[in-house]
Amino acid sequence: MNTPPVLEVEDLAVTFKISAGLGRARHLQAVRDVSFTIAPGEVVGIVGESGSGKSTTARAIIKLEKASAGRIILEGTDITAMSERAFRPSRRRVQMVFQDPYSSLDPTMTIGESIAEPLQMMKAVKGAALTRRVEELLALVELNAAHRHRYPHEFSGGQRQRIAIARAMALDPALLICDEAVSALDVSTQNQVMNLLIELRQRLGMAYLFVSHDLAVVRNVADRVLVMYLGKVVEEGPTEQVLRNPQHPYTQALLAAVPRPNPADRPDRKNYLVKGDLPDPTSPPTGCAFQTRCPLVIDECRTSPPALRPVPGGSAVACHLVTPDPEELRNVPRLHD
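Residues numbered from 1 in each chain as written. Predicted model: local features only at pLDDT ≥ 70, side-chain atom pairs only at ≥ 80, totals over all residues. Heavy atoms only, no water.

Q: Hey, could you go over the packing of helix α3 (residues 111-121) against helix α4 (residues 127-140) for me, with residue numbers and the actual values?
A: For the pair α3 and α4, interaxial distance at closest approach is 10 Å and the crossing angle is 115 degrees. In this structure, α3 meets α4 at a crossing whose hand is right-handed. Between α3, through I111, G112, I115, A116, L119 and Q120, and α4, the contact on the second element is made entirely by L130, R133, V134, L137 and L138. Considering only residue class, the contact of α3 with α4 consists of eight nonpolar, two polar and one charged. (Axes fitted to C-alpha atoms, helices over the stretch in contact; angles between N-to-C directions. Helix = DSSP H or I, 4+ residues; strand = E, 2+ residues; numbered from the N terminus. Left-handed = near helix turned anticlockwise from the far one by under 90°. Contact = heavy atoms within 4.5 Å. Nonpolar A, V, L, I, M, F, W, Y, C, P; charged D, E, K, R; others polar.)

Laid out in structure tokens, this is it:
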């Protein structure tokens, strides 16, 4: 018997109206036709450069942004059009850890008060039981429970992110969304926080949606990965399959940009890095979203948007150059050939 997914996202779109002056308005398509699922205990990563729509996707799932189209189904319940009041009982099942732990914590509240706040809002526990729960959560993220009376500015960045994780876990969520949760930390602290998240997943069985621009971070934590470009998913599949054998030219270019200890491991790097900036999202290109920057572009790319199609290994790719035929797949030109 298959276990139902924690999260199902179907054809999600998020569009923002932008004033253009003189009563005119433009529409920015931040997310377009994004679909994926997350099973209990699974970690799904979303990668892409700034402006790709990965954080907007995450914020729409937790209803910090309004979905313009599509469906968001949390543990079998369609939450897409729910009012805040109707969504409130379900909110405890999905929580988010933000990029900047300092701005996400109220500087006027002690860390104990911050961690206790969601428990009090949901009327989960009170009195001595509330104090014990706060202490348990601090111990869970490897912080001294006796420090609950201190304020956020008294802690390091890594410690503040641990506090934010403890607060997000207070209500035992089924899904934890990490939106660039380690990108503001130095490398050694990043590793500590990542190891903590991996350990908590193993211990508690939570599912994660892990949003990051750092492919190395996603590779270490995610079971599956979605690569987004200009609001659309261009490649998705098992993490090792996608990152070890990328099929989409954009995924190949992202991997080419990752620093290597030995430059000789990647000759002629300049030949396959993505050039130029993201197109204007208020006026996306016709056809393939990546066609204005892709060195392998063909005429079909400029006129027809490619659909996500399965390829050998369990991945799916939105590229006219990629076919599901494994014999033809071997002949696809690659940016590093």
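Q: Describe helix α1 (residues 54-61), with residues and values.
A: In terms of residue burial, α1 counts as a mostly covered element, since six of its eight residues are buried. Looking one or two residues beyond α1, the residue adopting positive phi is K63, at roughly 65 degrees. (Buried < 20%, exposed > 50% of the residue type's maximum accessible area, 1.4 Å probe, protein only.)

Q: How would you sum up the sheet that holds strand β11 (residues 309-311)? Please name residues and give values.
A: The strand order β6-β7-β8-β3-β9-β10-β12-β11 describes an open sheet built from eight strands, whose pairing is mixed. The open sheet has two free edges, formed respectively by β6 (94-97) and β11, since each of these has just one partner strand. Neighbour-to-neighbour, the strand axes of this sheet turn through a mean angle of 20 degrees, independent of strand direction. Both β11 and strand β12 (residues 315-317) contribute to a ladder of three bridges, which runs antiparallel. Opposite P310, over in β12, you have A316 as the bridge partner. Helix α5 (residues 157-168) rests against β6 and β7 (175-179) of the sheet, and its axis sits at about 170 degrees to β6. Contacts between helix α6 (residues 187-204) and the sheet are confined to β3 (43-47), β7 and β8 (207-211), with β8 contributing the most and set at about 155 degrees to the helix. (Pairing = 2+ DSSP bridges.)

Q: An account of the packing of aromatic side chains is requested, with residue identities and associated values reported.
A: Under the criterion given, the structure shown has three aromatic pairs. On the numbers, 5.0 Å between centres and 80 degrees between planes, the contact of Y229 with F290 is edge-to-face. Here Y229, found in strand β9 (residues 224-229), pairs with F290, found in the loop between α9 (249-256) and α10 (299-303); they are 61 residues apart in sequence, far enough to count as distant. Per residue, the accessibility class of Y229 equals that of F290, and both read buried. Feature note: the residues Y229, Y250 and F290 constitute an aromatic cluster, connected by ring pairs. In this structure, K63 is placed above the aromatic ring of F87, and the distance from its NZ or CZ to the ring centre is 5.8 Å. (Phe/Tyr/Trp six-rings, centres within 6.5 Å; stacked < 30°, edge-to-face > 60°. Lys NZ or Arg CZ within 6 Å of the ring centre and 35° of its normal.)

Q: Got a sec to walk through the pattern of salt bridges? Specific residues and values, please.
A: If you walk through the whole model with that rule in mind, you get 18 salt bridges. E42 is the salt-bridge partner of R224, the closest N and O atoms lying 2.7 Å from each other. Linking R224 in strand β9 with E42 in the loop between β2 (24-38) and β3, this pair joins segments that are 182 residues apart in sequence. Among the residues examined, R224 registers a relative accessible area of 19% and is labelled buried. A salt bridge links D299 to R302; the shortest N-O distance between them is 3.4 Å. Placement of both D299 and R302 in helix α10 is noted, with a separation of three residues, approximately one turn of the helix. (Salt bridge = Lys/Arg side-chain N within 4 Å of Asp/Glu carboxyl O.)

Q: Could you give me a rundown of unusual backbone geometry, with the residues and numbers involved?
A: Apart from glycine, the bulk of residues carry a negative phi angle, and the bulk of peptide bonds sit in the trans form. The phi torsion at D11 lies on the positive side, around 50 degrees, for a residue other than glycine. Assignment of secondary structure puts D11 in strand β1 (residues 7-21). On the basis of relative accessibility, which here comes to 47%, the residue D11 falls in the partly exposed class. The phi torsion at D172 lies on the positive side, around 55 degrees, for a residue other than glycine. In this structure, D172 sits in the loop between α5 and β7.

Q: Which residues make up α4, and what values go with them?
A: Helix length check: α4, at 14 residues, gives a terminal C-alpha distance of 20 Å against a target of 20 Å (1.5 Å per residue), a fit within 8%. Listed in full, the buried residues belonging to α4 are L130, R133, V134, L137, L138 and L140. Down the axis, α4 shows its buried residues gathered within 160 degrees of arc, on one side only. Positive phi shows up at E142, right after α4, with a value of about 65 degrees. (Expected span 1.5 Å × (residues − 1). Arc of directions from axis to C-beta.)

Q: Explain the packing of α3 against α5 to me, using residue names and the numbers behind them.
A: Where α3 meets α5, the axes come as close as 8 Å, and the angle between the chain directions of the two elements is 25 degrees. Judged by the inter-axis angle, α3 sits roughly parallel to α5. In this structure, α3 meets α5 at a crossing whose hand is right-handed. Of the residues in α5, those touching α3 at I111, S114, I115 and P118 are I163, A166 and R167. For the contact of α3 with α5, the residue count by class is five nonpolar, one polar and one charged. (Parallel < 35°, antiparallel > 145°, perpendicular 65-115°, else oblique.)

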